[in-house]
Amino acid sequence: AKVRYIWKSLAENKYAEYLHESGNRPHITLGIYEDIDLAKAEKLLEETNQTLLSFPLVFEYIGLFAQKPLTVFWGPAMTPQLQRLHDYITWQCSKFCVEPNFSYYHVGQWVPHCSLATEVKDYMLLFQIIDFCRQLPNPHKAWVEEIGWISFRPIKQIRSVKLRDSAARKKD
């Protein structure tokens, strides 16, 4: 709800409209791929769901990808679970997908993030965008509860699975 509020506010103020209008959900992208074998992707999702339990993340900072156009994001602290998940998905997908050259997603270079504003073309608005985003609580604990595949441009949810609750989640 917090991220959607930021998306809506930024869109209403004409600062960054894409995420609010896209139909997407707040998420952390593990990778971007082309030429995906959907049957193998579905199998990977099911296999991952058999072993992966929900796990916590703590969002700690507002970050920026400075390539043009700019992207402002909410960044979680890297955890061993998050790193292992990214490395595993990247390794498995390398067997049946093509990974384009987006260095932010490569093993060893991955920057986990939840996008808050994308396609920011008017750099003079950057401070206003960051000011809106500073409304988010830092630190903020959240849980990875679901994993899935989407296609984008336009956004289409392909398949997702809810992760089983971990013992820590049940206590939280």
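Look a little higher up for the structure.
Residues numbered from 1 in each chain as written. Predicted model: local features only at pLDDT ≥ 70, side-chain atom pairs only at ≥ 80, totals over all residues. Heavy atoms only, no water.

Overview of the packing of helix α3 (residues 38-51) against helix α4 (residues 80-93)
- Taken N-terminus to C-terminus, the directions of α3 and α4 make an angle of 150 degrees; their axes are 11 Å apart at the nearest point. Of the possible angle classes, the one that applies to α3 and α4 is roughly antiparallel. For α3 against α4, the interelement crossing comes out right-handed. Mapping the contact onto sequence places Leu44, Glu47 and Thr48 in α3 and Leu85, Tyr88, Ile89, Gln92 and Cys93 in α4.
- In terms of residue class, the contact of α3 with α4 is made up of five nonpolar, two polar and one charged. (Axes fitted to C-alpha atoms, helices over the stretch in contact; angles between N-to-C directions. Helix = DSSP H or I, 4+ residues; strand = E, 2+ residues; numbered from the N terminus. Parallel < 35°, antiparallel > 145°, perpendicular 65-115°, else oblique. Left-handed = near helix turned anticlockwise from the far one by under 90°. Contact = heavy atoms within 4.5 Å. Nonpolar A, V, L, I, M, F, W, Y, C, P; charged D, E, K, R; others polar.)

Section: the sheet that holds strand β3 (residues 114-120)
- The strand order across the open sheet built from four strands is β3-β2-β1-β4, with neighbouring strands paired in antiparallel fashion. Of all the strands in the sheet, the pair left with one neighbour each is β3 and β4 (140-144). In this sheet, adjacent strand axes meet at a mean angle of 35 degrees when their direction is disregarded.
- Packing against the sheet, helix α5 (residues 126-133) makes contact with β1 (55-65), β2 (70-76) and β3, and its axis sits at approximately 25 degrees to β2. (Pairing = 2+ DSSP bridges.)

Overview of the pattern of salt bridges
- Scanning the model with the defined rule gives seven salt bridges in all.
- Between Glu46 and Arg159 there is a salt bridge whose closest N-O contact spans 2.5 Å. Of this pair, Glu46 sits in helix α3 while Arg159 sits in strand β6 (residues 156-162), placing them 113 residues apart in sequence.
- Assessed through its relative accessible area of 26%, Glu46 is described here as partly exposed.
- Ionic contacts of the salt-bridge type, sharing partners, join the residues Glu42, Glu46 and Arg159 into one network. (Salt bridge = Lys/Arg side-chain N within 4 Å of Asp/Glu carboxyl O. Buried < 20%, exposed > 50% of the residue type's maximum accessible area, 1.4 Å probe, protein only.)

Quick word on the packing of helix α1 (residues 2-12) against α5
- Remark: α1 packs on α5, axes separated minimally by 10 Å, with the N-to-C direction vectors making an angle of 150 degrees. Put simply, α1 runs roughly antiparallel to α5. Helix-helix and strand crossings are classified by hand; for α1 and α5 the assignment is right-handed. For the pair α1 and α5, contact is made by Ile6, Ser9 and Leu10 and by Ile129, Phe132 and Cys133, respectively.

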